[in-house]
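# Observations on the model geometry
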Amino acid sequence: MTEAAQFALSGKELEYPVLSGSVGPDVVDIRKLYAQTGAFTYDPGFTSTASCQSKLTYIDGDEGVLLHRGYPIGELAEQSTFMEVCYLLLNGELPDQGELDHFSHTITRHTMVHEQLAQFFRGFRRDAHPMAIMCGVVGALSAFYHDSTDIHDPQQRMIASHRLIAKMPTIAAMAYKYSVGQPFLYPDNSLSYTGNFLRMTFGVPAEPYEVNPAVERAMDRIFILHADHEQNASTSTVRLAGSSGANPFACIAAGIACLWGPAHGGANEAALNMLHEIGTPERIPEFIARAKDKNDPFRLMGFGHRVYKNYDPRATVMQKTVREVFEALNVQDPLFETALRLEELALNDDYFVEKKLFPNVDFYSGVILSAIGFPTSMFTVLFALARTVGWVAQWNEMITDPDQKIGRPRQLYTGPTQRSYVPLTQR
Ligand code: CMC
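All of these numbers come straight from a predicted model, not from anything done at the bench. Numbers given to residues run from 1 along each chain, matching the order in which its sequence is written. Given that this is a predicted model, residues contribute local features only at a pLDDT of at least 70 and side-chain atom pairs are listed and counted only at 80 or more, while totals for whole chains, interfaces and linings are drawn from all residues. Computation of side-chain values covers all heavy atoms of the structure but excludes hydrogens and water.

### Quick notes on the overall build of the protein
- For the protein, the count of helices and strands is 17 helices and six strands.
- At 23 Å, the protein has a C-alpha radius of gyration in line with the 22 Å of a compact globule built from 427 residues.
- Projected onto its principal axes, the C-alpha positions of the protein cover 75 × 65 × 60 Å.
- The buried share among the 427 residues of the protein stands at 47%.
- Excluding contacts between residues fewer than 6 apart, the proportion of contacts in the protein whose partners are at least 24 apart in sequence is 70%.
- In this description, accessible areas are obtained by the Shrake-Rupley approach with a 1.4 Å probe, and a residue is regarded as covered only by the protein chains that are shown. Carbon and sulfur atoms form 52% of the exposed surface of the protein, whose accessible area is close to 21,600 Å². Each helix corresponds to a stretch of at least 4 residues labelled H or I by DSSP, and each strand to a stretch of at least 2 residues labelled E; elements are numbered beginning at the N terminus. For the radius of gyration, the atom set is restricted to C-alpha positions; the globular benchmark scales as 2.2 Å times the number of residues to the power 0.38. Only protein chains enter the accessibility calculation, which uses a 1.4 Å probe. A residue is then buried if its area is under 20% of the maximum for its type, exposed if over 50%, and partly exposed in between. In what follows, a contact means two residues having at least one pair of non-hydrogen atoms within 4.5 Å.

Below, the structure is given as structure tokens:
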């Protein structure tokens, strides 16, 4: 604790402790405010509110810094694997070789889903959005894995966490296969986490599938870039759902539902649709003008961020990865040129400069994912797959936090005051 914050309300002088983290802004501890003053704070969108303490991820939005357990995202994306990052987020330290082998083996052993779960898919229309399927099927996991739903047992919590990380690629691939009318593929445990996902998605039982190492590496890096992002909307949803004691599968289903929105995980799909709509670089000024027009709801998708007021460090890695994937697959996509030009024009436009709007992780991810062969409807599913480790790590941290309480925000009530019921005949 550094100093106390002075606060005066209705002639009453109060002091609140100021808490310091290991890095980042101090926070004023106002837990006693309501009991002492009868007043709440008002903070829609939680722009000035820290809802918890966390040791997982740190973001400095002004400097464009993202650290997982202290390690910069650029270094992790460049030098580690998604399995290592999962271990790091869950356990706090990078694994040594033995720990990594053991962890990867454990995850691999949980990749199959209960055979009966496959029947759930038939209940969905073929044209169902795969995120709709993900919400339903992941929520249904709690009906299959009763032996890992006791949230007070650390062993069960860890098994549920491993199951979720392991089964998410299988379920995501099944959602894709269902939409294209192809048979589901069982996992192949001789492959890496990411290679296995690519095979379950793009392979068919009729012939062997060879994983392209460059695509596998790019996909693995995309998973790393999406693994966690501190208290964003979906993570806060998972924590809030979990704060009532709900089981982990239900909590992650809640996180998936929140992630689906176009202001959050759905932005990668929206960004690519926008690039398609723009079509050629000549039309960019028209769309920039629309984004700046107060009377037009259109926004540049993949631009702007609640926390980053600088270049999103994930977007830097993503832009580099686009070039690698294009080279490995020997493809060229004019949309990438459009995206680069759009970024250049926006970054030199006063509106975007003044509001500190920079490309975020979603701006380039769509271009890579479609080059790999994913339809746009799968983009947010891939985000959910990768973010699952962040959600479960944050959920575990919350359960073991001695300060944890059921999440219960209050409100500024602006509705009618008490009035008497008027019988129907007299209205
Ligand atoms: N295009 C045009 N104007 C924008 C944009 C944009 N993409 N983003 C923000 N603004 C303007 C906005 O109109 C507002 O202007 P004013 O102050 O004149 O009213 C100002 O910038 C601040 O915007 P805000 O909506 O108050 O900021 P926020 O922090 O609540 O919103 C955001 C953050 C990400 C929802 C928003 O920037 C946005 O809608 N971006 C497009 C969607 C997107 O790319 N989302 C992905 C986020 S990164 C992945 C993830 O974490 O899920």
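### Describing the pairing of strand β5 (residues 65-68)
- Pairing between strand β4 (residues 57-60) and β5: four bridges, direction antiparallel. Looking at β5, one finds that Tyr 58 is bridged to Leu 67.
- By the convention used here, strands pair only if DSSP detects at least 2 bridges between them. Adjacent in sequence and paired antiparallel, β4 and β5 are bridged by four residues, among which Gly 64 carries a positive phi angle near 70°.
- As judged from the two bridges shared by β5 and strand β6 (residues 71-72), these two strands associate in the antiparallel manner. Considered in β6, the bridge of His 68 is made with Tyr 71.
- A loop of two residues connects β5 with β6, the two strands running antiparallel in sequence, and Arg 69 in this loop sits at a positive phi of about 50°.

### Concerning the packing of helix α16 (residues 362-372) against helix α17 (residues 379-399)
- Following both chains from N to C, one finds α16 and α17 inclined at 110°, their axes separated by 10 Å at the closest point. Taken as axis vectors, α16 and α17 run roughly perpendicular relative to one another. Contact residues: Asp 362, Gly 366, Leu 369 and Ser 370 in α16; Phe 379, Leu 382 and Phe 383 in α17.
- Its residues placed into classes, the contact of α16 with α17 shows four nonpolar, two polar and one charged. The axes used here are C-alpha line fits, helices contributing only the stretch in contact, and every angle between their N-to-C directions lies in the interval 0 to 180 degrees. Any angle between 65 and 115 degrees counts as roughly perpendicular, while under 35 counts as roughly parallel, over 145 as roughly antiparallel, and the rest as oblique. Residue polarity is assigned by list, with Asp, Glu, Lys and Arg as charged and Ala, Val, Leu, Ile, Met, Phe, Trp, Tyr, Cys and Pro as nonpolar; anything else, Gly included, falls into the polar class.

### So, the site of the ligand
- Being near a molecule or strand, for a residue, means having at least one of its heavy atoms within 4 Å of it. Neighbouring residues of the ligand: 19 residues in total, closest His 264, Lys 294, Leu 300, Arg 306 and Lys 355.
- Two N or O atoms count as a polar contact when they lie within 3.5 Å, although within protein this holds only if one can serve as hydrogen donor and the other as acceptor, and sequence-adjacent residues are included solely when both atoms are side-chain atoms. Between the ligand and Lys 294 there is a distance of 2.7 Å, counted from an oxygen atom to a side-chain nitrogen or oxygen.
- A distance of 2.9 Å is found between an oxygen atom of the ligand and a side-chain nitrogen or oxygen belonging to Asn 360.
- Along the lines of polarity and charge, the residues of the shell around the ligand split into eight nonpolar, six polar and five charged.

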